[in-house]
Amino acid sequence: MKKISFVNVSNLTLAFLLIAGFSGCGGGTGASLGSSTTNGSTSGGSTSGGSTSGGSTSNGTTSTSSAEGLWQGTTSMSQNVTGIVFENGEYWFLYSIPGNSNAIGGVIQGNATSNAGNIASSNGRDFNITELKLYDISSLQGTYTTKSKLSGEITYTDMPSSMVTFASTYNADYEKTPSLSALTGTYAGDAASSEGTASAITNISSTGQIIGTDASGCKFTGTATPHSRGNVYNVTVTFSNEICTNSGTQVSGVAYFDSSTQQLYSAALNSTRTDGFLFIGTKE
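Note that this is a predicted model, so its numbers are computed, not measured. (Residues numbered from 1 in each chain as written. Predicted model: local features only at pLDDT ≥ 70, side-chain atom pairs only at ≥ 80, totals over all residues. Heavy atoms only, no water.)

K.L.:
In this structure, what is going on with the overall build of the chain? I would like to understand it.
P.N.:
When helices and strands are tallied, the chain shows 1 helix and 22 strands. Relative to its 284 residues, the chain shows a buried fraction of 56%. If you sum the accessible surface of the chain, you get close to 10300 Å²; carbon and sulfur atoms cover 51% of it. (Helix = DSSP H or I, 4+ residues; strand = E, 2+ residues; numbered from the N terminus. Buried < 20%, exposed > 50% of the residue type's maximum accessible area, 1.4 Å probe, protein only. Areas by Shrake-Rupley, 256 points an atom, 1.4 Å probe, with all protein chains shown as cover.)

K.L.:
Whenever I open this one, the packing of aromatic side chains confuses me. Can you help?
P.N.:
Two numbers describe a pair of aromatic rings. These are the distance of the centres and the angle of the planes. Evaluation of the coordinates by the stated rule reveals 7 aromatic pairs. Taking the centre distance of 5.0 Å and the plane angle of 85° together, the rings of Phe 239 and Phe 277 count as edge-to-face. Separated by 38 residues along the polypeptide, Phe 239 in strand S19 (residues 233–239) and Phe 277 in strand S22 (residues 276–283) bring together distant segments of the chain. The exposure class of Phe 239 is buried, given its relative accessible area of 2%. Consider the rings of Tyr 256 and Tyr 265, whose centres lie 6.1 Å apart with planes at 20°: the pair is stacked. Through a chain of ring-to-ring contacts, three or more aromatic side chains come together here, namely Phe 220, Phe 239 and Phe 277. (Phe/Tyr/Trp six-rings, centres within 6.5 Å; stacked < 30°, edge-to-face > 60°.)

K.L.:
Please clarify how the side chain of Gln 72 should be interpreted in this entry.
P.N.:
Looking at where Gln 72 falls in the secondary structure, it is placed in strand S5 (residues 69–75). Here Gln 72 falls in the buried class, since its relative accessible area comes to 5%.

K.L.:
So what exactly am I meant to see when it comes to the environment of Ile 119 here?
P.N.:
As for its position among the elements, Ile 119 is in strand S10 (residues 118–121). Taking the relative accessible area as the measure of exposure, Ile 119 reaches 7% and is therefore buried. Distance from Ile 119 to Gly 142, taken between C-alpha atoms, is 5.2 Å for residues 23 residues apart in sequence.

K.L.:
Quick question: what am I supposed to make of the sheet that holds strand S18 (residues 219–226) here?
P.N.:
Through backbone hydrogen bonds, the strands of a sheet pair up, either in parallel or in antiparallel fashion. Read around the barrel, 8 strands follow the order S15-S16-S17-S18-S19-S20-S21-S22 and close on themselves; strand pairing throughout is antiparallel. Strand after strand, the sheet turns through a mean of 25° between neighbouring axes, direction not considered. Where strand S21 (residues 263–269) lies against S22, 7 bridges are found, and the strand directions are antiparallel. Looking across to S22, one finds that Leu 269 is bridged to Gly 276. (Pairing = 2+ DSSP bridges. Axes fitted to C-alpha atoms, helices over the stretch in contact; angles between N-to-C directions.)

K.L.:
What is the right way to look at empty space enclosed by the protein in this model?
P.N.:
If a probe the size of a water molecule is rolled over the atoms, the empty space left behind becomes visible. Per the counting criterion, the structure on display carries 3 cavities of 30 Å³ or more. There is about 50 Å³ of room inside the largest cavity. Around the largest cavity, the lining residues are Val 85, Tyr 91, Phe 93, Ala 112, Ile 119, Leu 140, Leu 150 and Phe 166. The residue inventory of the lining of the largest cavity, partitioned by class, reads 8 nonpolar, no polar and no charged. (1 Å grid on protein atoms, 1.4 Å probe; cavity = no way out; pocket = protein on both sides within 12 Å on 5 of 7 lines; lining within 4 Å. Points joined across faces, edges and corners; volume = space filled by probe spheres on them. Nonpolar A, V, L, I, M, F, W, Y, C, P; charged D, E, K, R; others polar.)

As structure tokens, this is what we get:
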């Protein structure tokens, strides 16, 4: 595939996931990014809030006052969104293309502060797969109720008069304990980065070792380890052979396994946050 570099311009939408190496022109296909019904409220269509992935005990303690958690909802552009906000304010949100929950639109990553029901961020970056571009954002501002709902607006740096709004509800699956035994298996799905898009197969061992290859023959290896808090995993992936145009590049990020659908979601970025790697796959 022809290499297409992300352009450092400014715009925005929403995102979060794990993918095996290539970014989709028009969005990759894969699992639905449907919003779930959680805590008695509905935001979107499919129900996944009751699913578990791992044990039944809590992995650490979710903050009683911050926006920490797993969130699912929709945007004002008719996109479905699934995201994680960590205890330290780091966030990852994956979004679909407008009107199609089965196609990956991109991922947003940044750091936020949340306190007393307000959340704010000024360093968000949107890795837009459909446009193969990187967009900076001037601000993300919103409100939340801990373990209940999170909503806000995202303002484009290069389009001050334009913004995207979003609304999401908390998914209590975040409070489950991540388990490498639950994650172990082979996943078939679509991979995306600035290089393009391709189908991919990823295998994760019982010790968290990742081995994968995409349809072009590009191979990648890495590791997955349970995050210290929340039902998510830390992921590191390195592209390892000459077929990969990004050979030798290492990316780090997060992954979430939904045991009710047997689907793996992940997103990772390089150290300078100028390139990303996404994957959605279903366990075979």
